[in-house]
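Results of the structural survey
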Amino acid sequence: VNDLFDRTELLARRLLEKPADGDASPVLAALHSDLIGHFRGAEDFDAVDRLILVPHGPLTYLPFAALRDDGSERWLAEEKTLAHLPSATLLVDRTRLADRRGSPAHAFAPLPVELPGSRAEVRAVQRALGPGTRVEMGDGATESAVRAALGAGGVVHVASHAELNPANPLFSAVVLAAPSVATNARGVQGDSLDGRLEVHELLGL
């Protein structure tokens, strides 16, 4: 465990703090070997296309998609579709998902000027999920609109920034369109509709 902490810390330092220090590939390969390698050859692992990750501790900050297999020289993101959850308790029953398949899908791009690629991203989502997909860009992609879409139960795609709060992870947030003064209000349980959908707010929905 201590070795894993050290390697993750080294990776973070090389990728984020001192990129000129050298290639991070050896660290990524070592972490792939530690975390993924021993599952290789297992039928139930090799047969699946999607991995649901519930990282803990230092692994919360690990870019799993960038882990690289030294043997195949492929990134994990090339081999599997990756999904992240803050808690395994958020895994929902497939029967509940089936009941909501008729719900409309939504795609939000709250920062189309700052993130110009997000315009094309939500349009691509609309094409992939069908013409009934509702797209909101800019001022329309508010926290209130995203909350309503999540409540409807369909697919919700947000193309935006996220803000990490390493000291208080529950206050990490997805950045949405800032509300106008006239619409700034309090949420149903006292949550502020301030354009930042925080993790603790998501867990309370």
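Everything in this summary refers to the structure shown in the same document. (Residues numbered from 1 in each chain as written. Predicted model: local features only at pLDDT ≥ 70, side-chain atom pairs only at ≥ 80, totals over all residues. Heavy atoms only, no water.)

Within the protein chain, the regular secondary structure consists of eight helices and 10 strands. Counting only residues that meet the buried cut, the protein chain has 28% of its 205 residues in that class. In the protein chain, the share of contacts with a sequence separation of at least 24, taken over all contacts with a separation of at least 6, comes to 64%. Looking at the protein chain as shown, the accessible area adds up to about 12700 Å², and 54% of this sits on carbon and sulfur atoms. (Helix = DSSP H or I, 4+ residues; strand = E, 2+ residues; numbered from the N terminus. Buried < 20%, exposed > 50% of the residue type's maximum accessible area, 1.4 Å probe, protein only. Contact = heavy atoms within 4.5 Å. Areas by Shrake-Rupley, 256 points an atom, 1.4 Å probe, with all protein chains shown as cover.)

Let us look at the pattern of salt bridges. This structure, assessed with the given rule, holds four salt bridges. In this structure, the salt-bridge partner of R196 is E163, at a minimum N-O distance of 2.9 Å. One end of the pair, R196, is in strand β10 (residues 196-198); the other, E163, is in strand β8 (residues 162-163), and 33 residues separate them in sequence. The exposure class of R196 is partly exposed, given its relative accessible area of 23%. Close ionic contact of E198 with R196 constitutes a salt bridge, the shortest N to O distance being 2.6 Å. Judged by relative accessible area, E198 falls into the buried class, the value being 11%. Within the structure, one salt-bridge network assembled from shared partners comprises E143, R147 and E201. (Salt bridge = Lys/Arg side-chain N within 4 Å of Asp/Glu carboxyl O.)

Inspection of the entire model under this criterion finds one aromatic pair. Summarising the aromatic geometry, the rings of F39 and F45 are spaced 5.7 Å apart at their centres and angled 20° between planes, so their arrangement reads as stacked. Residue class for F39 comes out partly exposed when judged on its relative accessible area of 38%. Residue class for F45 comes out buried when judged on its relative accessible area of 10%. (Phe/Tyr/Trp six-rings, centres within 6.5 Å; stacked < 30°, edge-to-face > 60°.)

Right, let's get into helix α6 (residues 117-129). Under the 1.5 Å per step criterion, the end-to-end length of α6 is 19 Å for 13 residues, consistent within 8% with the ideal 18 Å. Looking only at α6, the buried set comprises S118, V122 and V125. For α6, the angular spread of buried residues about the axis comes to 55°, placing them on one side. Of the exposed residues in α6, the ones pointing more than 90 degrees away from its buried face are A120 and R127. (Expected span 1.5 Å × (residues − 1). Arc of directions from axis to C-beta.)

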